[in-house]
Structure formats: C-alpha cells, structure tokens
Amino acid sequence: MMRLALVLGCLALPLQGAAAPGAEDTANRAARALDQAAVALRDAGSSSERVAALTRSVRAYEEGLALVRDALRETAAREAHIEGRLAAERAQLGQLLGALQAMGAAPEAALLLHPAGPEDTARAGMLLHAVTPAIADRVASLRADLDRIEHLRTVREAARADLVAGLRGAQDARASLGAAMASRRPVSQGELALEARLKELGRSSETLAAFAAGLPKNVASRGAPDFAGLRGDLALPVAGDLQSAFNTRDAAGIARPGWVLATAPDALVTAPATSTIRYRGPLLDYGNVMILEPGSGYLMVLAGLGSVYGAPGDTVPAGAPLGLMPGGGTNGGSGQSAEETLYVEVRQGNAPVDPAEWFAPAQE
C-alpha cells in the first residue's frame, strides 16, 4: 500500500497550490511562465541553469494541463446534460407528431364520435399544432448548442495534445541533461535539441494564451465541474457489497485507506463522476488499476479490474464504462463463481479520505 501511495503522490503533485482568481488568469500566468522559461533556456550558460529552466517549463506545462483537464471535464458534463435534454425533447416531439399523424389518418366520422365530442377533438388538434413547432425549435436549439460544445471539445483536446507533447519534450530533455551532469559529460545544444525545445515553448505559450482568451470570464480556475458538490451522492463504481470499510484491518492486520467491494465476476465498472483518466493498466501488484481525476485536487483509485477501457488523458462522463472485473473462476468444487473484489480509494490532495463521505451508503 505504501508503494501505491508513492505513485499517487507523484500523480497529485501538479494539482497542488493555491487556486488562482480565475482560469483566464491562471492560463495567462502559465503562458508567461513558458515565455520566461524559454528566455532562461536561451540565455543559460551552464547545464545547471538549463536544468532550472527546463524545470520551470515543466511546472508551467503541468499548470496549463491541469486547467485544460478542468475545461474538458466541464465540457463533457455540459455535453451530457444537453444530450439528456435533447433526448427528452425528441421523445416529446415524437409523441406529438405521432398523435397528429394518428388524428390525420382517422376517419372523419370517428373523430365526430370521439367520447370527448368533436369540439374537444378540434381543440386537441389545434393545441398539438401550436405546441409542436415550439418543441421542434427547442430541439434545433439544443442540437446547435451540442454542435458548439463538440467544436469546443475538439479545440480543447487539440490544446491538451499540444501541451502534452511539449511537456514530454521538456521532461526528456531535463532527464537527458541530468544524466549527463551525473556522469560529468558535456552536452551540446544539438544533443539537447535546444532549438526544438524553444519552438515548443513558444508554441505552447501561444496555445495557452489562445485557451485563456476563449474562456468565459470570472470563472473559478478550479472545480469545474464542481466535484465537491457531489459529496455524498456518488453512485458506486460497481454493483457490490462493502466488504471492508475505510482503515479497517484485514486478517493480516493491514489497514487499507479505502473500501473493498465484493462484486460478481465480469461485473461492469463505471465512472462515478465526470473524470479525466490519469492512469490505466497494471500497477505494481494491484492488478489492473484505473486512476481518475474527477476534479482538481482529487484522485480516485479503482484497483483489481480484469480489463480496462480508455486511455490516459481521456475525459469520461459519469456512468461511462471503465472496465470489467475478472471472471471465469469457480469457488472450489461448488461450481459457483468466486466473487471478486474492487478496491476504491478517494484522495484529496496527497491524503486519502473516507469514501463514505462521497458515495451513497453501501451495504456492508
């Protein structure tokens, strides 16, 4: 468990620090930091100065990426909300059109013999004719909103990809330079790809500046969507029973800072909230692990999956499939499938918190 905590601590590092007055201010500050790192890297006269400049650029990249992840989660939440409204409006419009078609196809004599009388039948037809265009207009408006959000998501995904590429370049250059310094070997500007690093810093600075210009004004830089507001209302990520509560010691005397849920084999695991996938795949001896970022400053760990979906950096809406529990085994000679267990941990900053504060009550 200590090794998992170290891994999670590394993931949480970019999330720390005081919140800025607004996302626009934070994005502009990160853009300025990238510009300053580029100047420092260009003027660096020694390897240690170059390492310091690259470190500054990495921090600026991480701050910018945290903002873009916030924006993508907000976009995904808005998209899911509008899609839900659009489905409801379409269903209502379909019912109205079906009623109008049925009335139009009915024999005139049958309408006159309607139990409510011909006058009420005429009123109903006039009401349907009046309401249907309004519903159709709302559907068209929602569809247009959804198209704009999809375009916004595409732009923000492109910004994320650009910043990720720049961050990797800066990290690789810093690692290479650090290794060369450790072996007391000189590094040339060509080997460091200094010109490429400077171009990446300039391009990323422009990306963040454009991102800041496209943000709504006076929006908090953290917590969009407001994950803290979901406290106590999250659905469990899998159908199952609470086998071990927060910090409960098992038979070996080990206390785990999370929940252990007993599930059926092959059970579907879903996202409890709109989240960014920070890691997916095997991790140490915990099997397949999914680490989610549901909000800035928060991480959610799901360990023990048989298979996992998605890729790091993906934004997934609440309820999206994340993977399946292991399956196929049987419990001794009984022929019954052996139950599986999913470990669930919620972290705020660098510290685990009781999942009972976040999830709706689970049966123990």
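Higher on the page you've got the structure.
About the cut-offs
Residues numbered from 1 in each chain as written. Predicted model: local features only at pLDDT ≥ 70, side-chain atom pairs only at ≥ 80, totals over all residues. Heavy atoms only, no water. Buried < 20%, exposed > 50% of the residue type's maximum accessible area, 1.4 Å probe, protein only. Helix = DSSP H or I, 4+ residues; strand = E, 2+ residues; numbered from the N terminus. Pairing = 2+ DSSP bridges. Salt bridge = Lys/Arg side-chain N within 4 Å of Asp/Glu carboxyl O. 1 Å grid on protein atoms, 1.4 Å probe; cavity = no way out; pocket = protein on both sides within 12 Å on 5 of 7 lines; lining within 4 Å. Points joined across faces, edges and corners; volume = space filled by probe spheres on them. Nonpolar A, V, L, I, M, F, W, Y, C, P; charged D, E, K, R; others polar. Expected span 1.5 Å × (residues − 1). Contact = heavy atoms within 4.5 Å. Axes fitted to C-alpha atoms, helices over the stretch in contact; angles between N-to-C directions. Parallel < 35°, antiparallel > 145°, perpendicular 65-115°, else oblique. Left-handed = near helix turned anticlockwise from the far one by under 90°.

1. Brief notes about the pairing of strand β5 (residues 288-295)
Sheet faces and side chains relate simply in a regular strand, where the side chains alternate between the two faces.
Phase 1 of the analysis: By the criterion of burial, β5 is predominantly enclosed, with 8 of the 8 residues buried.
Phase 2 of the analysis: In the sheet, strand β4 (residues 275-282) pairs with β5 via 6 bridges, with the strands oriented antiparallel. Note on β5: the bridge partner recorded for R280 is M290.
Phase 3 of the analysis: A loop of 5 residues connects β4 with β5, the two strands running antiparallel in sequence, and L284 in this loop sits at a positive phi of about 50°.
Phase 4 of the analysis: Judged from the 6 bridges that link them, β5 and strand β6 (residues 298-305) form a sheet pairing that is antiparallel. From the neighbouring strand, G295 faces β6, where its bridge partner is Y298.

2. Comments concerning the pattern of salt bridges
Where charged atoms of side chains with opposite charge meet at close range, the side chains can pair.
Phase 1 of the analysis: Enumeration over the complete set of coordinates arrives at 10 salt bridges.
Phase 2 of the analysis: Taking the shortest distance from any N to any O, the salt bridge between R73 and D70 comes out at 2.4 Å. Pair noted here: R73 and D70 are both in helix α3 (residues 47-105), with a separation of 3 residues, about one helical turn. The residues R73 and D70 share a single accessibility class, namely buried.
Phase 3 of the analysis: For E157, the salt bridge identified is with R160, shortest N-O distance 3.2 Å. In this pair, E157 and R160 both sit in helix α5 (residues 117-182), 3 residues apart, roughly one turn of the helix.
Phase 4 of the analysis: A relative accessible area of 26% means that E157 is categorised as partly exposed.
Phase 5 of the analysis: One continuous salt-bridge network, built from bridges that share partners, spans R69, D70, R73, R278 and E293.

3. Looking at empty space enclosed by the protein
Phase 1 of the analysis: On inspection of all chains with the given rule, the structure shows 2 cavities of 30 Å³ or more.
Phase 2 of the analysis: Roughly 30 Å³ of internal volume is contained in the second largest cavity.
Phase 3 of the analysis: Around the second largest cavity, the lining residues are L41, L54, S57, Y61, G166, A170, R197, E200 and L201.
Phase 4 of the analysis: Looking at the lining of the second largest cavity, the elements with two or more residues in it are α3, α5 and α7 (194-213).
Phase 5 of the analysis: Counted by class, the lining of the second largest cavity contains 5 nonpolar, 2 polar and 2 charged residues.

4. So, α7
Phase 1 of the analysis: With 20 residues, α7 should reach 28 Å at 1.5 Å per residue; the first-to-last C-alpha distance of 29 Å fits that figure.
Phase 2 of the analysis: When we look at burial in α7, the residues that qualify are L194, R197, L198, E200, L201, S204, S205, T207, L208, F211 and A212.

5. Overview of the side chain of S275
Phase 1 of the analysis: Of note, S275 is situated in strand β4.
Phase 2 of the analysis: With near-sequence residues (within four places) excluded, S275 lies in contact with R73, L292, E293, P294, D314, T315 and V316.

6. A few points about the sheet that holds strand β3 (residues 268-270)
Phase 1 of the analysis: Pairing in this open sheet of 3 strands is antiparallel, and the strands run β3-β9-β7 from one edge to the other. If you trace the sheet from one side to the other, it starts and ends with β3 and β7 (307-308), each paired once.
Phase 2 of the analysis: Looking at chain direction, β7 and strand β9 (residues 321-324) are connected through 2 bridges and run antiparallel. The residue bridging V308 from the neighbouring strand is G323, located in β9.

7. Side note on the environment of A210
Phase 1 of the analysis: Topologically, A210 is positioned in helix α7.
Phase 2 of the analysis: Using a relative accessible area of 52% as the deciding quantity, one classes A210 as exposed.
Phase 3 of the analysis: Separated by 179 residues in sequence, A210 and A31 place their C-alpha atoms 9.7 Å apart.

8. A word on unusual backbone geometry
Phase 1 of the analysis: Within the chain, N247 stands out as a residue other than glycine whose phi angle is a positive 60°.
Phase 2 of the analysis: Assignment of secondary structure puts N247 in the loop between β1 (240-244) and β2 (259-263).
Phase 3 of the analysis: For N247, a relative accessible area of 43% puts it in the partly exposed group.
Phase 4 of the analysis: Of note in the backbone geometry, L284 takes a positive phi value of approximately 50° without being a glycine.

9. Structural notes on the side chain of E79
Phase 1 of the analysis: By the element assignment, E79 lies in helix α3.
Phase 2 of the analysis: Judged by its relative accessible area of 7%, E79 is buried.
Phase 3 of the analysis: Among all residues touching E79, those that are not within four sequence positions of it are L146, I149, E150 and R153.

10. Section: the packing of helix α2 (residues 23-43) against α7
Phase 1 of the analysis: Remark: α2 packs on α7, axes separated minimally by 8 Å, with the N-to-C direction vectors making an angle of 165°. Taken together, α2 and α7 sit at an angle that is classed as roughly antiparallel. As α2 packs across α7, the resulting crossing turns out to be left-handed. Every residue of α7 that contacts α2 at E24, A27, N28, A30, A31, L34, D35, A37, A38, L41 and R42 is listed here: L194, R197, L198, L201, S204, S205, L208, A209, F211 and A212.
Phase 2 of the analysis: Each residue belonging to the contact of α2 with α7 can be placed in one class, and the counts come to 14 nonpolar, 3 polar and 4 charged.

11. Notes on the environment of M290
Phase 1 of the analysis: Position of M290 among the secondary structure elements: in strand β5.
Phase 2 of the analysis: For M290, a relative accessible area of 0% translates into the label buried.
Phase 3 of the analysis: Remark: the alpha-carbon pair of M290 and L302, spanning 12 residues in sequence, is separated by 5.1 Å.

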